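Coordinate inspection notes
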Amino acid sequence: MNAEMRRRLTAAEEDLASRVAALPEGSDRLGDQRRAAGASVVATGLPSRRVEAYKYTDLRAAFGALAPVAPPADTIAAAAAVAAAWDWDGLAARRIVFVNGRFEPGLSTLAGLDGAVEIASLAERARLPDADLPIGRLAAGNEDPVLALNTAFWQDGVVIRVAAGATVAEPIAILSLVVADAAVAVTTRHVVEVGAGATVRFLEHHAGPAGIAYQASGAIELDIADGARVTWARLQEEGPAALHLSTLVARLGAGSALDRLSVNFGAALSRDQGFVDFAGRDSRVGFEAATHLDGRRHSDATLVMNHAVPDCASKERFRAVVADEARSVVQGKICVAPQAQRTDGRMMTQAILTGDGAEAINKPELEIFADDVQCGHGATSGRLDETALFYMRTRGIPKAVAEALLLEAFLAEAIEGVGDEAIAEALTARLRARLAAIGGEAT
Amino acid sequence: MTNLLEVRNLHASVGEREILHGLNLTIGAGEVHAVMGPNGSGKSTLSHVLAGRDDYEVTDGTITLDGQDLLELEPEERAAAGVFLALQYPVEIPGVANMTFLKAALTAQRKARGEPDLSTADFMKRVRAEADKLGISPEMLKRPVNVGFSGGEKKRNEILQMAVLSPRLCVLDETDSGLDIDALRIVADGVNALRSPERGMLVITHYQRLLDLIVPDVVHVLSGGKIVKTGGPGLALELEERGYAEYLGAAAA
Ligand SMILES: Nc1ncnc2c1ncn2[C@@H]1O[C@H](COP(=O)(O)OP(=O)(O)OP(=O)(O)O)[C@@H](O)[C@H]1O
Ligand SMILES: [Mg+2]
């Protein structure tokens, strides 16, 4: 008997195996890709804490069962949910909308977007004969099981192409909503190709109902050509009972830049993982994360920064406020290949724990094979500054307000790190509203 | 004249250690009192206990402001009631702009007192005017509270907060330390401008030069956790000449 057969399957894994077996037969590339990805997860099982990369986020334990694939949402309910969704204080006027994993052209607003941007539904493209979808190009060779699950089961997504040299004035927003009153699974996959020398901003927003244990999975392949500049801001505010898995696979050409910000309010369990490859010299990546977790939320930010070429810089800052009995996990890895001389790689993880049962786990890794590099990481974790709190209170600021101000200030520094004032202002306002709502609950 | 602040038989400790051993102090409305005393005698402790810092446990005695029991109140409630402490060591607050901080403080205090909030325009006008008098630049107002401020700038910033919040009782803990000669004069002018018949002041200092500029009505010597001597402005001059030697024994007795 081999080891695979001895491993006891969980209910979710049994379900997974039958869903993979049920994937449509056929010899097209896309079908092959789905089946191969599904089979790889069936073979290894869902990642448990025995898998190093999932040590603190045991998905085998977390997935009680696989939720059924979300049915299309009721048209009226979907429209109402989209209308009620936050519009990034007006920034998200050009918006690609997904409800329950399906592109909703009727609820999306693409008018007014620069003509240099081409947007198409993946599901629609896939129905064309000989569809040549760019899915998996960047992700090839990546064996991460969460990404593989997404590859096997994605329902829909968009391909966005930004023409070389274009400067897109309006940000492009992607809204992913779940509208459901029972547990459902939602899987989206996007491919974004930014042409050489283009400048563009993206706003990614995830939200769903409170109290429903839905499962949302999203993956994005982001290809940034030489000299392009991309700002990517993401807001994850799934419901407190949800499970949220998100993967970003990015590749940067020479002389390009990516500023990525993740504002994350967690879910029952969430993981935001990034795999970033420097493929050309003189490029720069900034990764900022501002996380606020309450209740028993568990949030995992995992990032692998791959310096394969010389003269690139990456800077990561993970900031988290962890309340109640919530847990924040940060796993940051900087890999520097032997030829990647003059790499500048820096990572900082900082947490403020406000809850008695709150926890912050930090696992930094440096794998450096070049000698002429500047790489480092640091971490701090502690309570709110009591002296500052007292000082503010002596000025008449009530304790709850003072706490919220200090927490906002702490997270806003990461938010401002994205380097786009309008986006930072909108997201800081969103954070402030959340802190006020939570503070209100506590008192 | 009614008494603004009354401290009766105040005993306060940190952990196991008692620092104030039955301190009595009365400040009438309109009066400026100076408190002098050797290092470690309990001056800052008194100021923190007045402001409500919870590291200090009050084991006996009373503190009232306008007859209201201060010991019952949280620090923010004391502030709304009119207590202001200019700290010996002002605190840095990264990420919170000076202006935001002042606005939050004034808004909260007015709300607590049931007063209408100031419009942003009126607020800005008021802050700018006070800042200008204290030589605080608009750029400093935008910076995070006290972060990277020089010692003297921090002290001026405390006085700015005091001027904007216009408290009933101003407690100044060594506001003169770290100030250059010009800044000392600016700060003293700021404090003197706040002298009024409704307001009381407790000025903690080691040096006569501040009291030359802010002339007190009453001078106290605090030694070994008690007020051991009270006199007029002349007492400060005496101390300047003779030091505290003669009071060190008095405290123990
Ligand atoms: N939090 C604390 N923990 C331990 N001891 C303390 C604490 N605060 C004050 N003390 C002690 O209490 C005594 C009085 O301190 P305090 O700061 O009130 O003195 P002070 O009169 O203000 O002195 P200075 O003139 O040097 O400012 C000192 O011996 C000090 O070490
Ligand atoms: Mg002192």
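Residues numbered from 1 in each chain as written. Chains lettered and ligands numbered in written order. Predicted model: local features only at pLDDT ≥ 70, side-chain atom pairs only at ≥ 80, totals over all residues. Heavy atoms only, no water.

Concerning the overall build of chain A
Helix and strand content of chain A: 10 helices and 19 strands. In terms of overall dimensions, chain A is globule-like: its C-alpha atoms have a radius of gyration of 21 Å, near the 22 Å expected for 443 residues. For chain A, buried positions account for 57% of its 443 residues. Sequence separation of at least 24 residues holds for 85% of the intrachain contacts in chain A that already meet a minimum separation of 6. Summing over all exposed atoms, chain A offers an accessible surface of approximately 17400 Å²; the carbon and sulfur share of this is 52%. Mean positive and mean negative side-chain charge positions of chain A (44 and 58 charges, respectively) differ by 3 Å. (Helix = DSSP H or I, 4+ residues; strand = E, 2+ residues; numbered from the N terminus. Rg over C-alpha atoms; globule rule 2.2 N^0.38 Å. Buried < 20%, exposed > 50% of the residue type's maximum accessible area, 1.4 Å probe, protein only. Contact = heavy atoms within 4.5 Å. Areas by Shrake-Rupley, 256 points an atom, 1.4 Å probe, with all protein chains shown as cover. Lys, Arg positive; Asp, Glu negative; His and termini not counted. Charge placed at Lys NZ, Arg CZ, Asp CG, Glu CD.)

Describing the pattern of salt bridges
All names here are of chain A. Applying the stated rule across the entire model yields 44 salt bridges over all chains. Between R430 and E237 there is a salt bridge, with the nearest N and O atoms lying 2.9 Å from each other. Of this pair, R430 sits in helix α10 (residues 421–442) while E237 sits in strand β9 (residues 229–237); the two residues are 193 residues apart in sequence, bridging distant segments of the chain. Through salt bridges with shared partners, one network takes in E118, R125, R137, R161 and E193. (Salt bridge = Lys/Arg side-chain N within 4 Å of Asp/Glu carboxyl O.)

With respect to helix α7 (residues 145–153) of chain A
All names here are of chain A. Buried residues dominate α7, accounting for eight of its nine residues. Where α7 is concerned, the buried positions are P145, V146, L147, A148, L149, N150, T151 and A152. Where α7 begins, one side-chain oxygen reaches toward the backbone nitrogen of V146, 2.9 Å away; that side chain belongs to D144. (Polar contact = N/O pair within 3.5 Å; in protein donor to acceptor, adjacent residues only side chain to side chain.)

So, the packing of helix α3 (residues 98–112) of chain B against helix α6 (residues 151–165) of chain B
Residues and elements named next belong to chain B. The geometry of α3 relative to α6 is characterised by a closest axis approach of 10 Å and an angle of 35° between their N-to-C directions. Between α3 and α6 lies a crossing of right-handed hand. Each of N98, F101, L102, A105, L106 and Q109 in α3 lies in contact with α6, whose residues at this interface are N157, L160, Q161, V164 and L165. (Axes fitted to C-alpha atoms, helices over the stretch in contact; angles between N-to-C directions. Left-handed = near helix turned anticlockwise from the far one by under 90°.)

Thoughts on the interface of chain B and chain A
Taken together, the contacts link 30 residues of chain B with 16 residues of chain A. On the chain B side of the contact with chain A, R53, E76 and V91 of chain B bury the most area, a combined 28% of that side's loss. Where chain B touches chain A, the interface holds 10 residue pairs in polar contact (both at pLDDT 80 or more). When contributions to the side of chain B that touches chain A are tallied by element, the ones reaching two or more residues are α1 (43–51), α2 (75–81), β6 (83–86), α3 and α6 of chain B. By residue number, the principal contributor to the side of chain B that touches chain A is α3 of chain B, which donates six residues. (Buried area = accessible area lost by both parts, 1.4 Å probe.)

Points about the domain arrangement of chain A
Residue and element names in this part refer to chain A. Partitioning chain A into domains gives domain 1 (71–383) and domain 2 (384–443). Across the boundary between the two partners, domain 1 contributes 31 residues, which contact 21 residues of domain 2. A combined buried area of about 2400 Å² lies between domain 1 and domain 2, and 71% of that area is made up of carbon and sulfur atoms. Here domain 1 is connected to domain 2 by four salt bridges. Counting across the interface, domain 1 meets domain 2 through seven residue pairs in polar contact (both at pLDDT 80 or more). Elements supplying a minimum of two residues to the side of domain 1 that touches domain 2: β7 (199–207), β9, β11 (257–264), β13 (284–293), β15 (313–322) and β17 (344–353). The element best represented in the side of domain 1 that touches domain 2 is β13, accounting for five residues. Tallied by class, the residues present in the side of domain 1 that touches domain 2 amount to 15 nonpolar, six polar and 10 charged. (Domains from an automatic or database assignment. Nonpolar A, V, L, I, M, F, W, Y, C, P; charged D, E, K, R; others polar.)

Let's talk about the side chain of N264 of chain A
Inspection of the secondary structure assignment puts N264 of chain A in strand β11. With residues near it in sequence (within four places) discarded, N264 of chain A still touches Q236, S270, A290, T291, H292 and S299 of chain A.

Side note on the coordination of the magnesium ion (ligand 2)
Every protein donor of the magnesium ion (ligand 2) is listed here as S44 of chain B (OG) and Q88 of chain B (OE1), and their distances to the metal cover 2.0 to 2.3 Å. Here S44 of chain B, found in helix α1, pairs with Q88 of chain B, found in the loop between β6 and α3; they are 44 residues apart in sequence, far enough to count as distant. (Donors = N, O, S within 2.8 Å, 3.2 Å for Na, K, Ca; no water.)

Observations regarding the nonpolar core
Of all hydrophobic cores here, the largest spans 117 residues; its most connected members are W88 and L427 of chain A together with L23, L46 and I93 of chain B. The element best represented in this core is helix α9 (residues 399–416) of chain A, accounting for nine residues. Looking at which domains feed residues into this core, each of domain 1 (71–383) and domain 2 (384–443) of chain A gives three or more. In this structure L23 of chain B touches V7, R8, N9, L10, L46, L222, G225, K226 and I227 of chain B, once residues within four positions along its chain are discounted. Membership of the second largest hydrophobic core comes to 45 residues, among which are A166, V285, V309 and C312 of chain A. (Core = buried A, V, L, I, M, F, W, Y, C linked by side-chain atoms within 4.5 Å.)

Remarks on a negative patch on the surface
Residue and element names in this part refer to chain A. There is a patch of like negative charges on the surface, built from D87, D89, E416, E421 and E425. Locating D87 in the fold gives a position in the loop between α5 (75–84) and β1 (95–99). Accessibility expressed as a relative area gives 35% for D87, which makes it partly exposed. (Patch = residues over 30% accessible without salt bridge, like charges linked within 9 Å, V, L, I, M, F, W, Y side chains within 5 Å.)

Quick word on the site of ligand 1
All names here are of chain B. Taken together, 15 residues lie near ligand 1, and R17, G40, K43, S44 and T45 sit nearest. The side chain of Y56 places a nitrogen or oxygen atom 3.1 Å from a nitrogen atom of ligand 1. At 3.2 Å, a side-chain N or O of Q88 approaches an oxygen atom of ligand 1. Its free accessible area being 640 Å², ligand 1 has 66% of it covered by the protein chains. Put simply, the parts of the chain that give the shell around ligand 1 at least two residues each are β2 (17–28) and α1. Here the shell around ligand 1 gets three residues from one element, more than from any other, and that element is α1. Of the residues belonging to the shell around ligand 1, the class tally is four nonpolar, eight polar and three charged. (Near = heavy atom within 4 Å.)

Notes on the state of the cysteines
Residue and element names in this part refer to chain A. Applying the stated criterion across every chain yields a total of zero disulfides over all chains. This cysteine, C312, is not joined by any disulfide, and C375 carries the nearest cysteine sulfur, 12 Å off. Overall, the relative accessible area of 2% leaves C312 in the buried class. (Disulfide = S-S within 2.5 Å.)

Concerning the sheet that holds strand β9 (residues 218–223) of chain B
All names here are of chain B. Taken in spatial order, the six strands make up an open sheet running β6-β7-β8-β3-β9-β10, and their pairing is mixed. Two strands in the sheet have a free side with no partner beyond their single neighbour: β6 and β10 (226–231). Adjacent strand axes in the sheet meet at a mean angle of 20°, parallel and antiparallel pairs treated alike. As defined by bridge partners, strand β3 (residues 32–36) adjoins β9 across four bridges and the pair is classed as parallel. From the neighbouring strand, V35 faces β9, where its bridge partner is H220. Running at roughly 165° to β6, α6 makes contact with β6 and β7 (169–173) of the sheet. (Pairing = 2+ DSSP bridges.)

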